[in-house]
Amino acid sequence: MHGSIPSKAREEGRSRATRRLAEADADVWRLIGLEDDRQTTGLQLIASENIASGAVREAVGSVLTNKYAEGTPGKRYYSGCEVADEVEALAQSRAKQLFSTDYHVNVQPHAGTQANLAVYQACMKPGDRILGLDLNQGGHLSHGFKLNQSGKLYEAHFYTLSKDTDRLDYDSIARVAAEVKPKLILAGASAYPRLIDFARFGEIAKSVGALFHADIAHIAGLVAAGLHPTPFGHADFVTTTTHKTLRGPRGGLVFCKPEFQKAVDSSVFPGMQGGPLEHEIAGKAVAFGEGLQPAFKEYQGRVLTNARALADELKGRGWRLVTDGTDNHLMLVDLGGVIDGAEAQDRLAKRRIFANKNLIPWDTRPANKPSGIRLGTPAMTTRGLDENDFREVARIVDDVLRGRENEIDARVAALARG
Ligand SMILES: *Cc1c(COP(=O)(O)O)cnc(C)c1O
């Protein structure tokens, strides 16, 4: 009412809307501050991580978190979805532009795993066969691991890498596919340092009458920048995360050939999920907009040259890399018994260097104490490190792994400061 003193309830409403986190919840505010310090003062070498921009985070923290928008743009189950419709349609059209594709895209999956499960549900019945890369050799848990739904609902079969080269061996994959006769063949990995020949996978799938699903969760940014062969045109389904090399908010995407649009959309909702996270979708739209700028392509190019510099310097220091190097943003270091992967991860983390332990192909050690660590360049490249900096990263990692830790903290701090 005009001129009247605001009621207590109204005052409270206003203060709820405008109070900053530091005032409203000092505990969570403090914890986020600590995490911010960890991220900005250390070396982030976890290959699946990146650093979303302030603009992406602003969209993700927006009022869109308040909105229910079950359905798809223009066909919602709630009122008031006009803005959500535009946000989601914008994310869709930018996603298609980013990958230069006319495939249909669903931008609602909450993460990469949900995107994959949505594909399976869209084209298979429980008990149907899937064929993907063995988890122990760089595959992902959503490709048929026994503790994941993909391994419980479907009959999962696996191909392996070549024992000689540690690379995908397409002739052998073709033979396994002919034996297994899967309904769906998966290509894609979490710890594979070389290019993937999606055209060849497409041919193999066709030759055995299987559908082909490319999961580009790790390499999506490189694919978008034209620095890795694209699966579009070869695959029936393409899934990805949005938070790895793509550098957006956490989330997933499913692309499909137009004939699967209906099946995929209804598999995501109501098949897998309820209301879409429109604030995350707004963040995805912002990230795709960034991805369409020339700076993004340059960034992805630096991710690659930095990975080569890191790999080269590590080899120069006597470390064997799986496949002897990398074509992409990551590498697997075979620790060769100098130290196990778990110990390496811990020792590095104490010096604020973050990397993850990883099985290497044909590892004889268990997954909790594997023979390798995985290193990636996306996050620190976002921070601005160049090739020389990554050579210093390699020397620091080498020194820590070999127990030469004098002066390490200062060298880490100097690099992290940029
Ligand atoms: C990271 C990843 C995913 C999905 O990960 P989420 O954590 O569920 O987002 C799927 N496939 C591959 C190959 C991955 O590396």
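Per chain, the residues get numbers from 1 upward, laid out in the order the sequence is written. Per-residue local features of the predicted model are confined to residues with pLDDT of at least 70, and side-chain atom pairs are confined, for both listing and counting, to 80 or more; whole-chain, interface and lining totals are unaffected and use all residues. No hydrogens and no water enter the side-chain calculation; it runs on all heavy atoms of the structure.

1. Some points on the site of the ligand
This is how it is decided: The rule for a residue being near a molecule or strand is that one of its heavy atoms must lie within 4 Å of it. Any N or O atom pair separated by 3.5 Å or less is treated as a polar contact, with the protein-specific requirement of one donor-capable and one acceptor-capable atom, and with residues adjacent in sequence counted only for side-chain atom pairs. Each helix is a run of DSSP H or I of at least 4 residues and each strand a run of E of at least 2, with the numbering of both proceeding from the N terminus. Three residue categories are used. Nonpolar comprises Ala, Val, Leu, Ile, Met, Phe, Trp, Tyr, Cys and Pro, charged comprises Asp, Glu, Lys and Arg, and polar comprises the others, including Gly.
Residues in close proximity to the ligand total 13 residues, the closest being Gly112, Thr113, Ser190, Asp215 and Lys244. One of the side-chain nitrogen or oxygen atoms of Thr113 is found 2.7 Å away from an oxygen atom of the ligand. Here an oxygen atom of the ligand and a side-chain polar atom of Ser190 are 2.7 Å apart. Considering each element in turn, the shell around the ligand owes the most residues, 3 residues, to helix 6 (residues 112–123). By residue class, the composition of the shell around the ligand is 3 nonpolar, 8 polar and 2 charged.

2. Some points on helix 5 (residues 82–98)
Note the following rule: Expected helix span is taken as 1.5 Å per residue step, with the number of steps being one fewer than the number of residues. For every residue, the accessible area (1.4 Å probe, protein chains only) is compared with the maximum for its type, and the residue is labelled buried under 20%, exposed over 50%, or partly exposed between those bounds. Contact between two residues is taken to exist if any of their heavy atoms lie within 4.5 Å; hydrogens are not considered.
With 17 residues, helix 5 extends 24 Å from end C-alpha to end C-alpha; this agrees with the ideal 24 Å at 1.5 Å per step. Of all the positions in helix 5, only Ala84, Asp85, Val87, Glu88, Ala91, Gln92, Ala95 and Leu98 are classed as buried. Contacts from the buried residues of helix 5 go to strand 2 (71–72), strand 3 (75–76), strand 4 (104–106), helix 10 (220–224), strand 10 (252–256) and helix 12 (278–291). Positioned one or two residues after helix 5, Ser100 has a phi angle of 45 degrees, which is positive.

3. Digging into the nonpolar core
Under the convention used in this document: Here, the term nonpolar core denotes a set of buried Ala, Val, Leu, Ile, Met, Phe, Trp, Tyr and Cys residues that are joined through side-chain atoms within 4.5 Å.
Residues Phe99, Leu168, Phe201 and Phe255 are the most contacted members of the largest nonpolar core, which totals 50 residues. Among residues more than four places away in sequence, those in contact with Phe99 are Ile216, Ala220, Val223, Ala224, Phe232, Leu246 and Phe255. Membership of the second largest hydrophobic core comes to 31 residues, among which are Ala307, Leu310, Leu314 and Val397.

4. Quick notes on unusual backbone geometry
Backbone torsion omega between Phe269 and Pro270 reads 5 degrees, so that peptide bond is classified as cis. Structurally, Pro270 is set in helix 11 (residues 261–272). Not every positive phi belongs to a glycine, and Lys181 is a case in point at roughly 50 degrees. Its place among the elements puts Lys181 in the loop between helix 8 (170–180) and strand 7 (184–187). Judged by relative accessible area, which is 57%, Lys181 ranks as exposed.

5. A few points about the environment of Gln108
Within the fold, Gln108 resides in the loop between strand 4 and helix 6. Sequence spacing of Gln108 and Gly275 is 167 residues, and the spatial spacing of their C-alpha atoms is 8.7 Å. A polar contact of 2.8 Å, which involves the side chain of Gln108, links it to the backbone oxygen of Gly71.

6. Let's talk about the pattern of salt bridges
So the rule is basically this: In the sections that follow, a salt bridge refers to a side-chain nitrogen of Lys or Arg positioned within 4 Å of a carboxyl oxygen of Asp or Glu.
Counting across every chain of the model gives 28 salt bridges. The residue Asp398 makes a salt bridge to Arg317 at a minimum N-O spacing of 2.9 Å. A residue pair is termed long-range when its members are at least 10 positions apart, and Asp398 in helix 16 (residues 387–401) and Arg317 in the loop between helix 13 (294–316) and strand 11 (320–321) qualify at 81 residues. For Asp398, a relative accessible area of 1% corresponds to the buried category.

7. A short note on the sheet that holds strand 14 (residues 356–358)
Inclusion rule: Any two strands are treated as partners once DSSP identifies two or more bridges connecting them.
Within the open sheet, the 4 strands sit side by side as 11-12-15-14. Their pairing is antiparallel. Each of the sheet's edge strands pairs with one partner strand only, and the pair in question is strand 11 and strand 14. Looking at chain direction, strand 14 and strand 15 (residues 372–376) are connected through 3 bridges and run antiparallel. Its bridge partner lying in strand 15, Asn358 is registered against Gly372.

8. Description of the pairing of strand 10
Most of strand 10 sits inside the fold, with 5 of its 5 residues counted as buried. By the alternation rule, side chains of strand 10 split into Gly252, Val254 and Cys256 and Leu253 and Phe255, which are all buried. Alignment of strand 4 against strand 10, held across 3 bridges, turns out to be antiparallel. Following the sheet pairing, Asn106 is matched in strand 10 by Val254. Both strand 9 (residues 237–241) and strand 10 contribute to a ladder of 5 bridges, which runs antiparallel. The partner of Phe237 across the bridge, within strand 10, is Cys256.

9. Some points on the pairing of strand 9
For a regular strand, side chains alternate in direction, first toward one face of the sheet and then toward the other. In terms of burial, strand 9 is a largely internal element, 5 of the 5 residues being buried. Side chains of strand 9 alternate between two faces, with Phe237, Thr239 and Thr241 and Val238 and Thr240 buried alike.

10. Brief notes about the domain arrangement of the chain
Just so we agree on the cut-off: What fixes the domain bounds is an automatic or database domain assignment. Reported buried area values correspond to the accessible surface (1.4 Å probe) lost by two parts on association, with both partners' losses combined.
Its domain assignment divides the chain into domain 1 (60–291) and domain 2 (303–417). On a C-alpha basis, the centroid separation for the pair domain 1 and domain 2 is 28 Å. Counting from both sides, the interface comprises 21 residues of domain 1 and, opposite them, 21 residues of domain 2. When the two sides are added together, the surface that domain 1 and domain 2 hide from each other amounts to roughly 1800 Å², 58% of it contributed by carbon and sulfur. On the domain 1 side of the contact with domain 2, Asp166, Pro193 and Arg194 bury the most area, a combined 33% of that side's loss. Inspection of the region where domain 1 meets domain 2 yields 2 salt bridges. The partner of Arg194 in a salt bridge is Asp327, with the nearest N and O atoms 2.8 Å apart. For the side of domain 1 that touches domain 2, a count of residues per class yields 8 nonpolar, 8 polar and 5 charged.

11. What about the sheet that holds strand 6 (residues 155–159)?
Either a parallel or an antiparallel arrangement is found when strands of a sheet pair, and the pairing is made through backbone hydrogen bonds. Stated precisely, the cut-off is as follows: As a rule, the C-alpha atoms of each element are fitted with a line to give its axis, helices using only the stretch in contact, and angles between N-to-C directions run from 0 to 180 degrees.
One open sheet accounts for 7 strands, arranged 4-10-9-8-7-5-6; its pairing is mixed. Only two strands of the sheet have a single partner each, and these edge strands are strand 4 and strand 6. When strand polarity is set aside, the average angle formed by the axes of neighbouring strands in this sheet is 20 degrees. As paired strands, strand 5 (residues 129–133) and strand 7 are joined by 2 bridges and run parallel to one another. Residue pairing for strand 7: Leu131 is matched across the bridge by Ile185.

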